[in-house]
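# Fold and geometry: a report
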Amino acid sequence: YLLEYYGDEELALRTLQLWKQDQEWWEMIRLAEGGDRLVGYVENVSANGDYTRLDFAAIFYGQGQEFLLGIQGYDLVNIQSGDNIFYISDGMVQTMNVTWSGLMRQYDNNAPACWSPDNDWYTITMAPWASDIARFDIAFLIGVVSFLIPGPKINGLRNQMIMAGIENGVSEFLGLPEYIVDCLHWGRDDIQIVFPGGEHLYFEKRDGYYFYDGVN
């Protein structure tokens, strides 16, 4: 991978030595195999103080643990070195800082396995009754708002509430834990895997299998 990246053996070997000296990174690279996901986030603070963060779970390209081709959408050399990456948003190029948190592996939609340097990731499972309570509470709140604001305004307001993250609003309004009312992603027995950088990987459970449903 590094020879292909640089096209120069001396630079490739120099970077390889830097990778080996970074114990956490080297352990992760040695564990990783094609199809695994490297979990992390990119962030930026603009000149006017606006904060932007994007979580990722990027797929390693390669075969087994022996042949590394690269990683989906990112640059492993920049990730390891902590260099900035460039991200295009709304036609504008932003300079983003990138941080990695851990590794996720899943075979054939079986239960995922994870790794982080201090093994400080954890799993939250939706209790069988929690999604029903969350949906009832959200329906109740929307019903109250619908009664207080008659007419077509409620449709726009409902959309705004969902886009803003209705689960957080309901959590604060009813005093329920956030993970109980995260019904935009969760059904019965679905899971979230939470990595030390705050990334949440979502999995929908169906017929005993876990289907990856994104990261945020």
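Computed from a prediction, not measured in an experiment: that's the story for all the values here.

This brings us to the overall build of the protein chain. Within the protein chain one finds seven helices and 10 strands. With 216 residues in all, the protein chain has 36% of them scored as buried. Taken as a whole, the protein chain presents about 12,700 Å² of accessible surface, with 52% of it coming from carbon and sulfur.

Taking 1.5 Å of rise per residue, the 13 residues of helix α2 (residues 9–21) would be expected to cover 18 Å, and the 18 Å separating its terminal C-alpha atoms lies within 8% of that figure. Each element contacted by the buried residues of α2 is listed here: α1 (2–6), α3 (23–31) and α4 (76–81). Where α2 starts, the residue carrying a side-chain oxygen 3.0 Å from the main-chain nitrogen of Glu10 turns out to be Asp8.

When you line up the elements, Thr15 lands in helix α2. Accessibility expressed as a relative area gives 8% for Thr15, which makes it buried. The residues contacting Thr15, other than those within four sequence positions of it, are Leu2 and Tyr6.

When strand β9 (residues 200–206) meets strand β10 (residues 209–215), the two strands line up antiparallel, connected through five bridges. Note that in β10 the partner of Leu201 across the bridge is Val215.

Right, let's talk about a nonpolar patch on the surface for a bit. Judged by side-chain polarity, Tyr61, Phe67 and Leu69 come together as a nonpolar surface patch covering roughly 320 Å² of accessible area. Along the chain, the position of Phe67 falls in strand β3 (residues 67–71).

Let's shift gears to a negative patch on the surface. Taken together, the side chains of Glu24, Glu27, Asp118 and Asp120 define an acidic patch exposed on the protein surface. Take Asp118: it is sitting in the loop between β6 (113–115) and β7 (122–125). Asp118 sits in the exposed class, given a relative accessible area of 60%.

Moving on to unusual backbone geometry. Despite not being glycine, Asn109 has its phi angle at roughly 60°, a positive value. The topology assignment puts Asn109 in the loop between β5 (92–105) and β6. A residue is classified by how much of its surface remains accessible, and Asn109, at 29% relative accessible area, is partly exposed. With phi around 55°, Asp207 is a residue other than glycine that occupies positive phi space. Among the structural elements, Asp207 can be located in the loop between β9 and β10.

One pass over the full model with this rule turns up five salt bridges. A salt bridge links Glu33 to Arg105, with the nearest nitrogen and oxygen atoms 3.8 Å apart. Pair noted here: Glu33 is in the loop between α3 and β1 (37–45) and Arg105 is in strand β5, with a separation of 72 residues, a long-range link. Look at Glu33 and you get buried, because its relative accessible area is 16%. A relative accessible area of 22% places Arg105 in the partly exposed class. Between Asp55 and Arg53 there is a salt bridge, with its nearest N and O atoms 2.7 Å apart. Overlapping salt bridges bring together Glu33, Asp36 and Arg105 as one network.

Bridge count for strand β8 (residues 191–194) against β9 is four bridges, and the pairing is antiparallel. Looking at β9, one finds that Val194 is bridged to His200.

Next up on the list: the nonpolar core. Ranked by internal contacts, the top residues of the largest apolar core, which has 21 residues, are Trp19, Trp25, Met28, Leu38, Phe60, Leu76 and Trp100. Those elements that place two or more of their residues in this core are α2, α3, β1, β2 (51–63), α4 and β5. The leading source of residues in this core is β5, at four residues.

About the criteria used
- Residues numbered from 1 in each chain as written.
- Predicted model: local features only at pLDDT ≥ 70, side-chain atom pairs only at ≥ 80, totals over all residues.
- Heavy atoms only, no water.
- Helix = DSSP H or I, 4+ residues; strand = E, 2+ residues; numbered from the N terminus.
- Buried < 20%, exposed > 50% of the residue type's maximum accessible area, 1.4 Å probe, protein only.
- Areas by Shrake-Rupley, 256 points an atom, 1.4 Å probe, with all protein chains shown as cover.
- Expected span 1.5 Å × (residues − 1).
- Contact = heavy atoms within 4.5 Å.
- Polar contact = N/O pair within 3.5 Å; in protein donor to acceptor, adjacent residues only side chain to side chain.
- Pairing = 2+ DSSP bridges.
- Patch = residues over 30% accessible without salt bridge, like charges linked within 9 Å, V, L, I, M, F, W, Y side chains within 5 Å.
- Salt bridge = Lys/Arg side-chain N within 4 Å of Asp/Glu carboxyl O.
- Lys, Arg positive; Asp, Glu negative; His and termini not counted.
- Charge placed at Lys NZ, Arg CZ, Asp CG, Glu CD.
- Core = buried A, V, L, I, M, F, W, Y, C linked by side-chain atoms within 4.5 Å.

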